[in-house]
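Listed below, chain by chain, are the residues.
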Amino acid sequence: MTFTDTTRERAREIIARYPADRSRSALLPLLHLVQAEEGYVSPAGVAFCAEVLGLNKAQVGAVATFYTMYKRKPTGDFLVSVCTNTMCNVLGGQEVYDTLSEHLGVGHDETTADGTITLEHAECLAACDYGPVMTVNYDFFDGVDASTAVGVVDELRAGGRPMPTRGARLCTLKEMAVQLAGFADERDGAVADGGPGEPTLRGLRLAQQHGVSVPGFDPNTPIRSKAEADKAAAEAKAKAEAAKPAPVEATTAPVKGGDGASAPTGVAEPVKPEAAAGSTAPDVKAPDDKSPQVRTAETRQPDANTAVPDAPGTKVPTDGTGTAPAAGDARSAEAAGVAANAPAGDGKPAGDEAGAQERNLTEAKAGTDADGAGPADASETGAQK
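Parameters at a glance
Residues numbered from 1 in each chain as written. Predicted model: local features only at pLDDT ≥ 70, side-chain atom pairs only at ≥ 80, totals over all residues. Heavy atoms only, no water. Helix = DSSP H or I, 4+ residues; strand = E, 2+ residues; numbered from the N terminus. Buried < 20%, exposed > 50% of the residue type's maximum accessible area, 1.4 Å probe, protein only. Contact = heavy atoms within 4.5 Å. Areas by Shrake-Rupley, 256 points an atom, 1.4 Å probe, with all protein chains shown as cover. Phe/Tyr/Trp six-rings, centres within 6.5 Å; stacked < 30°, edge-to-face > 60°. Lys NZ or Arg CZ within 6 Å of the ring centre and 35° of its normal. Axes fitted to C-alpha atoms, helices over the stretch in contact; angles between N-to-C directions. Parallel < 35°, antiparallel > 145°, perpendicular 65-115°, else oblique. Left-handed = near helix turned anticlockwise from the far one by under 90°. Nonpolar A, V, L, I, M, F, W, Y, C, P; charged D, E, K, R; others polar. Pairing = 2+ DSSP bridges. 1 Å grid on protein atoms, 1.4 Å probe; cavity = no way out; pocket = protein on both sides within 12 Å on 5 of 7 lines; lining within 4 Å. Points joined across faces, edges and corners; volume = space filled by probe spheres on them. Salt bridge = Lys/Arg side-chain N within 4 Å of Asp/Glu carboxyl O. Patch = residues over 30% accessible without salt bridge, like charges linked within 9 Å, V, L, I, M, F, W, Y side chains within 5 Å. Core = buried A, V, L, I, M, F, W, Y, C linked by side-chain atoms within 4.5 Å. Polar contact = N/O pair within 3.5 Å; in protein donor to acceptor, adjacent residues only side chain to side chain.

Each helix and strand in the protein was counted, giving 15 helices and seven strands. Expressed as a percentage of its 385 residues, the buried residues of the protein come to 29%. Look at the contacts in the protein between residues 6 or more apart in sequence, and 54% of them connect residues 24 or more apart. Total accessible area on the protein stands at roughly 25,100 Å², and carbon and sulfur atoms take up 55% of it.

Next up, the structure:
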């Protein structure tokens, strides 16, 4: 495949949108561009993108196979996608898809013999409030049922362009790919039709009804450059730092002795700022540096050393006399649990015991089991065990 001069010129224009050392970022629109010429991303299209970006074909192919919007085989003029995900499915989306599949004689990702329609079921088209929905070249047809969907595809096959519920008038998949590559729709009045749906405008209507608006919002506010935004952020940070209150200096208070008397003059201990301000909130100890497994074990079975008496949902266990038991070691408990549950060997599934297997074989050979069954019964019993 030799791409046209127009495609190569547009490719250079796309690449010029990105910094010289970031040209590979142009790969996504370039894939749409080659799809606009061929109707899908062919091996030649992959090679073309690799050539103009200085990549290898494996790098380009990895991206082209990741996104479903890039088709890997020839696609019809109109890609009809029917949502069969939860919301649309409940409302009849699967019935719409099944009807179209039978009517067109094609399945998922297949194209009609005349090359007009490619049908696919979509996991979600992000329009749950309009379900069931289907799109034609990514333009929405809302609230469809089996009959209206058949009417749309029949009109497309007859050469018509049914008007989507929302959005501009329909174009072919190749024309849509040009737009996805970043170029305007050059058809006269192509974007003059359509409009938003009422469910989309519901939030705006409620905001207008109740007078809800963003404080200080000006739709004409220009978008600042990165340098201006960085400067404004630095100024805001400096202003916030200047507005911080000065730290409270520690004061001293007399230390009382064991008998409650004051300590000798000159001996004092620092008083925390919270105490100086009259706060009665207790200090909260920072969490210990423990592994998640140990912390989980202590949470499930706390002891006197690890449990916090007033922690929500936690109760320190006692021995019946109201006395907490001696502090336990969560690591020891974890090690004991591991030792009691030895992993199964490679030769047998977990839970099987060699002794039970040998006993079953012995009973089968002896021709009887504990209930006095005959050889056949014993053999069957042993096999079941």
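Counting across every chain of the model gives three aromatic pairs. Note on Phe3 and Phe48: the rings are 4.8 Å apart at their centroids and 40 degrees apart in plane angle, and the pair reads as tilted. Taken together, the positions of Phe3 in the segment before α1 (5–15) and Phe48 in helix α3 (residues 43–53) put the pair 45 residues apart, joining distant regions of the chain. For Phe48, a relative accessible area of 3% corresponds to the buried category. A ring pair is formed by Phe66 and Tyr67, whose centres lie 4.9 Å apart and whose planes are at 80 degrees; its orientation type is edge-to-face. By relative accessible area, which is 62% here, Phe66 ends up exposed. Over the aromatic face of Tyr130 sits the side chain of Arg166, whose NZ or CZ is 4.0 Å from the ring centroid.

The next thing to look at is the packing of helix α2 (residues 27–38) against α3. Contact pair α2 / α3: the axes reach a minimum separation of 10 Å and the direction vectors enclose 140 degrees. With respect to each other, α2 and α3 are oriented oblique. Crossing of α2 over α3 shows right-handed handedness. On α3, the residues that touch Leu27, Leu30, Leu31, Val34 and Glu38 of α2 are Gly45, Phe48, Cys49, Val52 and Leu53.

Here we come to the packing of α3 against helix α4 (residues 57–64). The interhelical angle for the contact between α3 and α4, taken along N-to-C directions, is 120 degrees, at an axis separation of 9 Å. Comparing the axis directions of α3 and α4 gives the class oblique. Here α3 and α4 pass one another in a crossing that is right-handed. Together, Val46, Ala47, Cys49 and Ala50 of α3 and Lys57, Val60 and Gly61 of α4 make up the contact between the two elements. Looking at side-chain class alone, the contact of α3 with α4 contains five nonpolar, one polar and one charged residues.

Reading across the sheet, the five strands line up as β2-β3-β1-β4-β5 and stay open at both edges, with mixed pairing between neighbours. The sheet is open, and its two borders are formed by β2 (110–111) and β5 (139–141), each paired with just one other strand. Where β2 and strand β3 (residues 117–122) come together, two bridges link them in antiparallel fashion. Bridging from a neighbouring strand, Glu110 pairs with Leu119 of β3.

On to the layout of surface pockets. Volume-wise, the second largest pocket comes out at about 330 Å³. Residue lining of the second largest pocket: 21 residues in total, with Thr68, Met69, Lys71, Asp109 and Glu120 positioned closest to the centre. With three residues, the single largest contributor to the lining of the second largest pocket is β3.

Let's shift gears to the environment of Lys174. Secondary-structure assignment places Lys174 in helix α8 (residues 173–180). Accessibility expressed as a relative area gives 39% for Lys174, which makes it partly exposed. In this structure, the C-alpha to C-alpha distance between Lys174 and Gly76, residues 98 residues apart in sequence, is 9.4 Å.

Let us look at the pattern of salt bridges. The full count for this structure, using the stated rule, is seven salt bridges. We note a salt bridge from Glu120 to Lys71, for which the minimum N-O separation is 3.2 Å. Here Glu120, found in strand β3, pairs with Lys71, found in the loop between α4 and β1 (78–83); they are 49 residues apart in sequence, far enough to count as distant. Exposure remark for Glu120: the relative accessible area of 13% places this residue in the buried category. Between Arg205 and Glu198 there is a salt bridge, with the nearest N and O atoms lying 3.3 Å from each other. When its relative accessible area of 35% is taken as the criterion, Arg205 is described as partly exposed.

This brings us to a nonpolar patch on the surface. Residues Leu28, Phe66 and Tyr67 make up a contiguous nonpolar surface patch of roughly 320 Å² in combined accessible area. Looking at the element boundaries, Phe66 is found in the loop between α4 and β1.

The next subject is the nonpolar core. Grouped together as the largest cluster of nonpolar side chains are 25 residues, with contacts concentrated most on Leu30, Leu31 and Val60. Counting residues per element, the ones that place at least two in this core are α1, α2, α3, α4 and α8. Ranked by residue count, the leading element in this core is α2, at six residues. The contacts of Leu30, once residues within four sequence positions are left out, are Ala11, Ile14, Ile15, Cys49, Val52 and Leu53. Within the second largest apolar cluster, 20 residues are counted, among which are Tyr97, Val150, Val152 and Val153.

Below, the discussion takes up the environment of Gln35. Residue position: Gln35 is located in helix α2. Placed 35 residues apart in sequence, Gln35 and Tyr70 show a C-alpha to C-alpha distance of 7.4 Å. Setting aside chain neighbours within four positions, we find Gln35 in contact with Tyr40, Val41, Met69, Tyr70, Lys71, Lys174 and Ala177. From its side chain, Gln35 meets the backbone oxygen of Met69 in a polar contact 3.1 Å long.

The quantities given are spatial measurements derived from coordinates; they are silent on function.
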